[in-house]
Amino acid sequence: MIKELLYILVFPGFLFVSIAGLLAEYVDRKLYARLQNRIGPPWFQPFADIIKLIAKEEVTPCQANPRMFHAAPLFALTAVITAFLYTPLWHTSSPFSFNGDIIMVLYLLTIPTLAFFIGGWYSTSLFARIGSVRAVTQLFAYEVPLFMSILASALLANSWSLVDIVLFYTRHPWYWCFNLIGFFVSLVALLGKLEKTPFDIPEAETEVVAGAFTEYSGKLLAFLRLCIDIEMVSGAALLAAVFFPFGFFQSAFLSFVVFILKILGIIALISLLRTVVARLRIDQMIDFCWKLLVPFALLQILINLVLKGVLR
Amino acid sequence: MNLVKKVVTWARIKSPWILHFNTGACNACDIEIIAALTPRYDIERFGIQLKGTPRHADVLVCSGPVTKQIEDRLIRIYEQMAEPKFVVAVGTCSCSGGVFKDCYNIKGGIDTTIPVSAYIPGCPASPKAIIDGVIKLLVSLDESKASPKTIKEIPVGGE
């Protein structure tokens, strides 16, 4: 009982994943700055931002629905932290693993977007409403290729449990190379989920102020920022577990370090992508997702179906 | 409790998010403010970020004299910001009204409408002066360790 509680609250639960999320934000911002030939923020920057926001006044607009306005950030934060618990970190096992947890993790990672929508909608600001509707419109575009490409990898492993997928790929060392198309598809889809630059249409500050977050301030904004940071770590961890399921050694510490390196690599790819591309319009984004990403995800499924027949 | 206060003050100094508002400037100060935000000066080193909404911002950076038309909007933007909030007046016009003082459509400097924490004179104020002003404001926050009102005494420009 105490072991499970520690697992949820301290490591690798709430405390660890919060710190990891903030450090990931630092890595992302620093890389972004370096790629733009800037010096960039110091390492404690995300921590200072969060502490400052927690200490700030919390303004609730008088027209907003206070219950929904306050609940949305908490829902989002809880969902992303829970999603992290199911990822096998240092060993090919996880205490809460069950058959079908990959589906649950994918749906838990969908909740933040819906929470942003609800929070933005109930804050009754015009900009927040435009931003939240854009967030949901975008959800329908990137979610399908993300699900298809991640589940294609599960299809080859013949299991819907993250631990079993990792075990399968550990038994067949080089099979993960077949999933590279799926990896790139889901990386691009993850950019949409995290609302990073090519797909930052919902919070485009030059168009809709700050999107769904326009009316949020103080603690609630801190929760939302923390939520996006942790979503980045959880999403990168999911991709690392599904697409790079290697490097699990006898020593738990060593495999944990390898896993962290994999997450850092995926975050570096995300910051590289958001540096080199500019923002798309919402119609271009939906075109891109349905006309390019979905066919590639289908190709991945086709490849894995054929391989399943050939390799068995 | 003291430690918590210290940490919060540290965080406030390290992470000022600014909101830029033109209260009727001739755009020269605006161009200099935008220049201060470019990678050339890289103010993200100090944790400064430009935010689109008053709800997220800590420092309101105003440029230009307060025209009669913008007065209500300025007060509204100021009211929308969450405490603790600071106002920086950039340029001679926003410090005192400058060359537009006593015009029929001008109320005067920013401090005729809302309380100002730091004045940055110059016509226009250079990006280095703007960054210096904001950093001085934040450092004074640490030394005084009191209510934001005491900061008003430190930098003086115009008038």
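Fair warning: this is a prediction, and the values are worked out from it, not measured in the lab. (Residues numbered from 1 in each chain as written. Chains lettered and ligands numbered in written order. Predicted model: local features only at pLDDT ≥ 70, side-chain atom pairs only at ≥ 80, totals over all residues.)

### Some remarks on the overall build of chain A
Right, so step 1: Within chain A, the regular secondary structure consists of 13 helices and zero strands.
Right, so step 2: Walking chain A from its N terminus toward its C terminus, one meets helices and strands in the order α-α-α-α-α-α-α-α-α-α-α-α-α.
Right, so step 3: Whereas a compact globule of 312 residues would reach a radius of gyration of roughly 20 Å, chain A reaches 19 Å, a difference of no more than 12%.
Right, so step 4: When contacts within chain A are restricted to residue pairs at least 6 apart in sequence, long-range pairs at least 24 apart make up 80% of them. (Helix = DSSP H or I, 4+ residues; strand = E, 2+ residues; numbered from the N terminus. Rg over C-alpha atoms; globule rule 2.2 N^0.38 Å. Contact = placed C-beta atoms within 7 Å.)

### Some points on the overall build of chain B
Right, so step 1: For chain B, the helix and strand inventory stands at five helices and seven strands.
Right, so step 2: Secondary structure elements in chain B, listed N-terminal to C-terminal, are α-β-α-β-β-β-α-β-α-β-β-α.
Right, so step 3: The buried share of chain B, reckoned over its 159 residues, is 45%.
Right, so step 4: For chain B, the share of sequence-separated contacts (at least 6 apart) that also reach a separation of at least 24 residues comes to 80%. (Buried ≥ 20, exposed ≤ 12 C-beta atoms within 10 Å, placed from the backbone.)

### Describing the interface of chain A and chain B
Right, so step 1: Contacts between the two partners involve 26 residues from chain A, matched on the other side by 17 residues from chain B.
Right, so step 2: When residues of the side of chain A that touches chain B are traced back to their parent elements, those giving at least two are helix H3 (45-55) and helix H11 (218-243) of chain A.
Right, so step 3: Element by element, the count of residues in the side of chain A that touches chain B is highest for H3 of chain A, at six residues.
Right, so step 4: When the residues that make up the side of chain A that touches chain B are grouped by side-chain class, the tally is 12 nonpolar, seven polar and seven charged. (Nonpolar A, V, L, I, M, F, W, Y, C, P; charged D, E, K, R; others polar.)

### Some details on unusual backbone geometry
It is generally the case that most residues other than glycine have a negative phi and that most peptide bonds are trans.
Residue and element names in this part refer to chain B.
Right, so step 1: In this chain, Glu 83 is followed by Pro 84 through a cis amide linkage whose omega measures -10 degrees.
Right, so step 2: Looking at the element boundaries, Pro 84 is found in the loop between helix H3 (71-80) and strand S5 (86-90).
Right, so step 3: Between Cys 123 and the following residue, Pro 124, the backbone shows a cis peptide bond with an omega angle of -5 degrees.
Right, so step 4: The topology assignment puts Pro 124 in the loop between strand S7 (118-120) and helix H5 (127-144).

### Description of the pairing of strand S3 (residues 59-63) of chain B
Residues and elements named next belong to chain B.
Right, so step 1: Counting buried residues along S3, five of its five residues qualify, which places the element largely inside the surrounding structure.
Right, so step 2: Burial of S3 is two-sided: the residues Val 59, Val 61 and Ser 63 facing one way and the residues Leu 60 and Cys 62 facing the other way are all buried.
Right, so step 3: Bridging between strand S1 (residues 17-22) and S3 involves five bridges; their strand directions are parallel. Its bridge partner being in S3, Asn 22 is matched across the sheet by Ser 63.
Right, so step 4: Of the pairings in the sheet, the one linking S3 to S5 comprises five bridges and is parallel in character. Opposite Cys 62, over in S5, you have Ala 89 as the bridge partner. (Pairing = 2+ DSSP bridges.)

### Describing the packing of H11 of chain A against helix H12 (residues 252-276) of chain A
All names here are of chain A.
Right, so step 1: As a packed pair, H11 and H12 sit with axes 9 Å apart at the nearest point and diverge in direction by 110 degrees. Classified by the angle between their axes, H11 and H12 sit roughly perpendicular to one another. Considering how the two elements wind past one another, H11 and H12 form a crossing that is right-handed. Across from Met 232, Val 233, Ala 236, Ala 237, Leu 239 and Ala 240 in H11, the residues of H12 making contact are Phe 259, Lys 262, Ile 263, Ile 266 and Ile 267.
Right, so step 2: For the contact of H11 with H12, the class distribution of residues is 10 nonpolar, no polar and one charged. (Axes fitted to C-alpha atoms, helices over the stretch in contact; angles between N-to-C directions. Parallel < 35°, antiparallel > 145°, perpendicular 65-115°, else oblique. Left-handed = near helix turned anticlockwise from the far one by under 90°.)

### Observations concerning the environment of Ser 186 of chain A
All names here are of chain A.
Right, so step 1: Following the sequence through the fold, Ser 186 ends up in helix H9 (residues 180-193).
Right, so step 2: Considered as a pair, Ser 186 and Leu 254 are 68 residues apart in the sequence and their alpha carbons are 27 Å apart.
Right, so step 3: Among residues more than four places away in sequence, those in contact with Ser 186 are Leu 146, Ser 149, Ile 150 and Leu 239.

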